[in-house]
Amino acid sequence: MSRVSLFSALALALVAACTPTPQARIGADGLPLPQLYRIAPEDTATIQFRTLDSVNALRQAAGAPPVQLDARLNAAAATHSRDMSVQNRPWHFGSDGSSPLDRARRVGYSGAILGENISETYETETETLAAWMRQPDTRAVILDPNADQIGFSWFQEPAGKIWWTMVVGRQGAPIPGNPSLLSPPS
């Protein structure tokens, strides 16, 4: 290596060492301020399957059987997420008074609806799942040993707020000890 090349490399290393590294913005609680999480339409499958993998890892650790994504439950979850945004409130009833079971039936799901988790946040799906796991009632929905299917979707407002919905169900056979959760055949 020539002297000029060596000198240039050392000079660049010295300049790089003197350049300040960007610092994360810190909030009053001492934690980094959240970054806006933007979801592109092409991210849908990736986010749904990443969430499914996370849910199944949590279920396996708890001794519960795995679940599968169901397109009809995904559609019911997407409808409810958009409707919560329109209503500007996170709750389990649709603007038309519909329940999670009503919304599942509208998209052709004939199994039992075991529970629904919802969230209004700027957080990622992973952060939202972690928050649900910290609460006993939403954790019980995720880990319900009777579940074999889930639907997971969201609606993101232009300003970035995300309305998340997870619907947990069981297709087919009645649930041991609680057959009333299945609707009578239509």
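Residue positions are given per chain, counted from 1 along the sequence in the order it is written. The model is predicted, so local features are restricted to residues of pLDDT at least 70 and side-chain atom pairs to those at 80 or more, both for listing and for counting; the totals for chains, interfaces and linings are taken over all residues. By convention in this description, side-chain values take in all heavy atoms of the structure and omit both hydrogens and water.

> Would you take a moment to explain the overall build of the chain for this structure?
By definition, any uninterrupted DSSP run of H or I lasting at least four residues is a helix, any uninterrupted run of E lasting at least two residues is a strand, and each is numbered from the N terminus. Secondary structure summary: the chain contains six helices and four strands in total. For the chain, the sequential pattern of α-helices and β-strands runs α-α-β-α-α-β-α-α-β-β. Only protein chains enter the accessibility calculation, which uses a 1.4 Å probe. A residue is then buried if its area is under 20% of the maximum for its type, exposed if over 50%, and partly exposed in between. In the chain, buried positions account for 40% of the 186 residues. Here the Shrake-Rupley method, with its probe set to 1.4 Å, supplies the accessible areas, and only the displayed protein chains count as covering residues. When the accessible surface of the chain is summed, it comes to about 11000 Å², and 60% of that surface belongs to carbon and sulfur atoms.

> Help me understand the nonpolar core in this model?
One recurring pattern in soluble globular proteins is that nonpolar side chains are buried together. If you look at the biggest cluster of nonpolar residues, it comprises 23 residues, and the most contacted ones within it are Ile142, Trp164 and Met166. Elements supplying a minimum of two residues to this core: helix 2 (44–61), strand 2 (112–121), helix 5 (125–134), helix 6 (136–143), strand 3 (149–156) and strand 4 (162–170). If you tally residues by element for this core, the top one is strand 4, at four residues. Put simply, a nonpolar core is a bunch of buried Ala, Val, Leu, Ile, Met, Phe, Trp, Tyr and Cys residues held in one set by side-chain atoms that sit within 4.5 Å of each other. One finds Leu73, Ala104, Ile113 and Val167 within the second-largest nonpolar core, a separate group that totals six residues.

> Can you help me understand the sheet that holds strand 3 in this one?
The pairing of strands in a sheet comes from backbone hydrogen bonds and takes either a parallel or an antiparallel form. Two strands qualify as a pair provided that DSSP identifies no fewer than 2 bridges between them. The strand order across the open sheet formed by four strands is 1-3-4-2, and the pairing between neighbours is mixed. Both outer strands of the open sheet, strand 1 (68–69) and strand 2, are each paired with one neighbouring strand and no more. By the bridge criterion, nine bridges tie strand 2 to strand 4 in an arrangement that is antiparallel. When the sheet's bridge partners are listed, isoleucine 113 is paired in strand 4 with glycine 169. Any two residues whose heavy atoms approach within 4.5 Å are treated as being in contact. Where helices are involved, their axes are fitted lines through C-alpha atoms of the stretch in contact, as for all axes, and angles between N-to-C directions lie from 0 to 180°. Along the sheet, helix 2 makes contact with strand 1, strand 3 and strand 4, crossing strand 3 at roughly 135°.

None of the figures reported here should be taken as evidence of function without further support.
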